[in-house]
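The primary structure of each chain is shown beneath.
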Amino acid sequence: MNEKSGLVLLFFVFFVTAVNAESAPEVHPIKIERAVPVTMRDNTVLRADVYRPDIEGRFPVLLERTPYNKDTISEFGMTAAARGYVVIVQDVRGRYTSEGDWYPFKYESQDGYDTVEWAAALPSSNGKVGMFGGSYVGATQLLAAIAHPPHLAGLCTYVTASNYHDGWTYQGGAFEQWFNESWTSGLAQDTLNRAVKKTANAIEGVQTLPLSSYPLFNAPALPGGSDLTKALAPYFLDWLDHPIYDDYWKRWSIDEHYPDINVPVLNIAAWYDIFQGGSLRNYVGLKAHAGSEPARRGQRLLVVIGGHAGQGRNIGEMDFGPKAVEFSEYGTTLRWYDYLLKGMANQFTTEKPVKIFVMGSNVWREEDDWPLARARNTKYYLHSSGGANSVRGDGTLSTAIPNSESFDHYLYDPANPVMTIGGPLCCDRDHMAAGPRDQRPVEARDDVLVYSTPPMDQDVEVTGPIGLELYAKSSSVDTDFTAKLIDVWPDGFAQNLTEGIVRARYRNSQERAELMNPGEVYKFMIDLWSTSDLLRKGHKLRLEISSSNFPRFDRNLNTGVDDRLGLGMIKATNSILHDHQHPSALILPIVSDR
């Protein structure tokens, strides 16, 4: 390895409290090498920082490949190197110090394979490579794994997805507008910086008079609007060009490639996280379909709280108690690889394969599997006399099967959508707060149907996947239906738990669009993902139904045509049926024994 490629530093790390290890590990002096070149198969050079013990020996490798600047991982790199790991943090293609053009997902399988094999061959490596990190960094792990690098020994994926169409860019057929736009805007900043660096040359402007006219960067004028998006983030427009689940997305799908993953994975999901659904699907899918028996048996699941919505005990407007802070992403990563790559006895030796944080009781609990086998799926049917509009209405939830009841209806106007309040959001908390937040402002609207149970006469636990069977019709050929599960406190605070959406034209398949016949009744299935919440005695369980959750999801303009054609929007009268022939029901996994 070429030490001239970066600054070489010597450290001796005695103790790092963030690791939260069961016993004090042996520590070593460490060496850091910056911006080490790694040549990919197409001769593109990516750069990585390498942290390693400054002693003789061969050590397991921990690899992170990130689009978010490798310099941000230095503390973990130093800590893990002192614990006896070679830590490699690489800027992915087209980001920060690495060459090439940035395009999400496109090169991660081949570049991940090449980097894993390069890392395994380093003089200080023992040939075992584990990968770590969250969000898109989780994608770089899974996409590398499906390429079968021989020396990949494990993954530690934190709050990441299973499919980059549904559960990343779209959900239930609706465009994840807030995430896609805020994430892309953040990513484009480095792309712009790289473009400016290519043209910045002060010598080009020295002849300019008057001096006040000096051209700062000598860069051509930036285009405006979508032309700027095309220049800096063409992938964003490609996402819009592929609203259905087609070959553009299938080449990168993780959930269609579980048999190609042959290593144990610590899957870390989070309540209120934007990728929660995919994180849980990865555990279930890999446990059933990973490419080898050791890989299937080696799957673990840890469900924490927050993820992209925040960390710690205070998330959103909720205090989840002192036990919520027991989770440390990097501490957990080290303990996972102490167990997996070093054979050390720790929590992964003794605990059950699944561990979840139960909200309401605010405790950690070990489980044999996910979903919980003892959870009983229970249908809570929607009821009203036709006036469930807003929290002032007459909507109720109960296990009683409906008989003859009037349907509920509301007017959905895309020009006046229901605004997003909290929930699983990313990536700009300064302008759109995430997590659990009081939903009463939403429930005051007449275009939101509200169905509530009576106050609980005893504690009730809901843990597992949540679904909604919805019978509905619309005056339009296309519209959306949204659903949100709420824990209502005795003081009226309406705590959102989880939510979902379906775009009507994708009700049967996200691979093809099917418009509705206005006025015809259809059955919709809305996936609200999962939760674990102990509703205390005196609390109510509530369901909100509407047709927008903006700007988390893009508005359905109700026209049935491509919204980008600029053909305007129309109002839709949407109706929810809940009678004997159309028993709309919320499906809840009830855990009777705690």
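Residues numbered from 1 in each chain as written. Predicted model: local features only at pLDDT ≥ 70, side-chain atom pairs only at ≥ 80, totals over all residues. Heavy atoms only, no water.

Novice: I'd love a proper account of the overall build of the chain, names of residues and values included.
Specialist: A count of helical and extended segments in the chain gives 12 helices and 26 strands. Its C-alpha atoms give the chain a radius of gyration of 26 Å, near enough to 25 Å, the size a compact globule of 594 residues would have. In terms of overall dimensions, the chain has C-alpha extents of about 80 × 70 × 40 Å along its principal axes. For the chain, the residues scored as buried account for 57% of the 594 residues in total. Long-range pairs, those at least 24 residues apart, make up 74% of the contacts in the chain with a sequence separation of at least 6. Taken as a whole, the chain presents about 23500 Å² of accessible surface, with 52% of it coming from carbon and sulfur. Charged side chains of the chain number 56 positive and 73 negative; the gap between the two group centres comes to 3 Å. (Helix = DSSP H or I, 4+ residues; strand = E, 2+ residues; numbered from the N terminus. Rg over C-alpha atoms; globule rule 2.2 N^0.38 Å. Buried < 20%, exposed > 50% of the residue type's maximum accessible area, 1.4 Å probe, protein only. Contact = heavy atoms within 4.5 Å. Areas by Shrake-Rupley, 256 points an atom, 1.4 Å probe, with all protein chains shown as cover. Lys, Arg positive; Asp, Glu negative; His and termini not counted. Charge placed at Lys NZ, Arg CZ, Asp CG, Glu CD.)

Novice: Outline the packing of aromatic side chains, listing residues and values.
Specialist: Inspection of every chain in the model, using the stated rule, returns 37 aromatic pairs. Ring geometry for Y235 and W239: centres 5.4 Å apart, planes at 50°, overall tilted. Residue Y235 and its partner W239 are located together in helix α6 (residues 234-241), separated by 4 residues, close to a single helical turn. Residue classification places Y235 among the buried positions, given a relative accessible area of 0%. W239 gets classed as buried once you look at its relative accessible area, which sits at 0%. For the pair F320 and F357, a centre-to-centre distance of 6.5 Å together with 85° between the ring planes defines the contact as edge-to-face. In this pair, F320 is assigned in the loop between β13 (318-319) and α10 (329-342) and F357 in strand β14 (residues 354-358), connecting sequence segments 37 residues apart. Judged by its relative accessible area of 1%, F320 falls in the buried class. Of the residues examined, F357 reaches a relative accessible area of 0% and is grouped as buried. One cation-aromatic arrangement involves R93 over Y107; the distance from NZ or CZ to the ring centre is 4.3 Å. Directly above the ring of Y522 sits R507, whose terminal nitrogen or CZ lies 4.4 Å from the centroid. (Phe/Tyr/Trp six-rings, centres within 6.5 Å; stacked < 30°, edge-to-face > 60°. Lys NZ or Arg CZ within 6 Å of the ring centre and 35° of its normal.)

Novice: Got a sec to walk through α10? Specific residues and values, please.
Specialist: Side chains that are three or four residues apart share a direction in an α-helix, a result of its 3.6 residues per turn. Compared with an ideal rise of 1.5 Å per residue, which puts 14 residues at 20 Å, α10 spans 19 Å between its outermost C-alpha atoms and is within 8% of the ideal. Every buried residue of α10 is accounted for by G331, T332, T333, L334, R335, W336, Y337, D338 and L341. Positive backbone phi, approximately 70°, marks G343, located one or two places after α10. (Expected span 1.5 Å × (residues − 1).)

Novice: Give a detailed account of the packing of helix α5 (residues 225-232) against α6, specifying residues and quantitative values.
Specialist: Two numbers describe how α5 lies on α6: the axes approach to 5 Å, and their chain directions differ by 105°. In terms of axis orientation, α5 runs roughly perpendicular to α6. On α6, the residues touching S226, T229, K230, A231 and L232 of α5 are P234, Y235, F236 and L237. Class assignment for the residues of the contact of α5 with α6 results in 6 nonpolar, 2 polar and 1 charged. (Axes fitted to C-alpha atoms, helices over the stretch in contact; angles between N-to-C directions. Parallel < 35°, antiparallel > 145°, perpendicular 65-115°, else oblique. Nonpolar A, V, L, I, M, F, W, Y, C, P; charged D, E, K, R; others polar.)

Novice: Talk me through the packing of helix α1 (residues 74-82) against α10; I want residue IDs and the actual numbers.
Specialist: Axis angle and axis distance: for two packed helices, these are the angle between their axes and the distance between the axes, and together they describe the pair. The N-to-C vectors of α1 and α10 enclose an angle of 30°; their axes lie 11 Å apart at closest approach. In terms of orientation, α1 and α10 fall into the roughly parallel class. The interaxial crossing formed by α1 with α10 has right-handed handedness. Where α1 approaches α10, its residues F76, T79 and A80 are matched on the opposing element by Y330, T333 and L334. Here the residues of the contact of α1 with α10 sort into 4 nonpolar, 2 polar and no charged. (Left-handed = near helix turned anticlockwise from the far one by under 90°.)

Novice: So what about the pairing of strand β15 (residues 363-367)? Which residues, and what values?
Specialist: Pairing between β14 and β15: 5 bridges, direction antiparallel. By the bridge assignment for β15, V354 is matched with E367. Connecting the antiparallel pair β14 and β15 is a turn made up of 4 residues, with G360 showing a positive phi of about 90°. (Pairing = 2+ DSSP bridges.)

Novice: Can you tell me about the state of the cysteines, naming the residues and giving the values?
Specialist: Evaluation of the coordinates by the stated rule reveals 1 disulfide. C426 shares a disulfide with C427; S-S distance 1.9 Å. Handedness here is read from the sign of the S-S torsion; for C426 and C427, about 85°, the answer is right-handed. (Disulfide = S-S within 2.5 Å.)

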